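Observations on the model geometry
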Amino acid sequence: MKQSIHFDYNDYNMDENQIATLKLLSELAKSEKSAKEEGWLSEEEADAIIKDL
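Cut-offs and rules
- Residues numbered from 1 in each chain as written.
- Predicted model: local features only at pLDDT ≥ 70, side-chain atom pairs only at ≥ 80, totals over all residues.
- Heavy atoms only, no water.
- Helix = DSSP H or I, 4+ residues; strand = E, 2+ residues; numbered from the N terminus.
- Buried < 20%, exposed > 50% of the residue type's maximum accessible area, 1.4 Å probe, protein only.
- Areas by Shrake-Rupley, 256 points an atom, 1.4 Å probe, with all protein chains shown as cover.
- Patch = residues over 30% accessible without salt bridge, like charges linked within 9 Å, V, L, I, M, F, W, Y side chains within 5 Å.
- Salt bridge = Lys/Arg side-chain N within 4 Å of Asp/Glu carboxyl O.
- Lys, Arg positive; Asp, Glu negative; His and termini not counted.
- Charge placed at Lys NZ, Arg CZ, Asp CG, Glu CD.
- Expected span 1.5 Å × (residues − 1).
- Polar contact = N/O pair within 3.5 Å; in protein donor to acceptor, adjacent residues only side chain to side chain.

**Structural notes on the overall build of the protein**
Across its full length, the protein holds two helices and zero strands. Buried positions account for 2% of the 53 residues belonging to the protein. Of the roughly 5500 Å² of accessible surface on the protein, 52% is carried by carbon and sulfur atoms.

**Considerations on a negative patch on the surface**
The grouping of Glu43, Glu44, Glu45 and Asp47 at the surface amounts to a negative patch. Relative to the assigned elements, Glu45 resides in helix H2 (residues 43-52). Residue class for Glu45 comes out partly exposed when judged on its relative accessible area of 41%.

**Focus: a nonpolar patch on the surface**
A cluster of nonpolar side chains, Leu24, Leu25 and Leu28, forms an exposed patch at the surface whose accessible area comes to about 300 Å². Note on placement: Leu25 falls in helix H1 (residues 16-38).

**Observations regarding H1**
The terminal C-alpha atoms of H1, which comprises 23 residues, lie 33 Å apart, in line with the 33 Å expected from a rise of 1.5 Å per residue. If you check the start of H1, you find a side-chain oxygen 3.0 Å away from the backbone N of Asn17, and it comes from Asp15. Phi turns positive, to about 100°, at Gly39, one or two residues after H1.

**Here's the deal with the pattern of salt bridges**
Applying the stated criterion across every chain, the model contains three salt bridges. Of the charged contacts, one joins Glu32 and Lys36 as a salt bridge, the two residues approaching to 3.5 Å between their closest N and O atoms. One end of the pair, Glu32, and the other, Lys36, are both in helix H1, four residues apart, so they sit about a helical turn from each other. Taking the relative accessible area as the measure of exposure, Glu32 reaches 41% and is therefore partly exposed. Lys36 gets classed as exposed once you look at its relative accessible area, which sits at 60%. Here Glu37 makes a salt bridge to Lys33, at a shortest N to O gap of 3.1 Å. Of the two residues, Glu37 and Lys33 both sit in helix H1, four residues apart, roughly one turn of that helix. Overall, Glu37 belongs to the exposed group, its relative accessible area being 55%. Using a relative accessible area of 51% as the deciding quantity, one classes Lys33 as exposed.

Have a look at this one:
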């Protein structure tokens with residue numbers, strides 16, 4: 001069962017840095033969940049992806 005939470009930043013009195021921090025933490029949590037479910041990249045795989053950016 002996939003859970004989704006809608007969070008409207010406008011409902012809270014937050015500055016841009018706070019919003020950016022929440023977005024970053026959300027993306028990091030998604031990445032960690034994905035890595036646990038699909039497997040972590042090796043250091044060499046991660047370096048290759050970064051090199052292509």
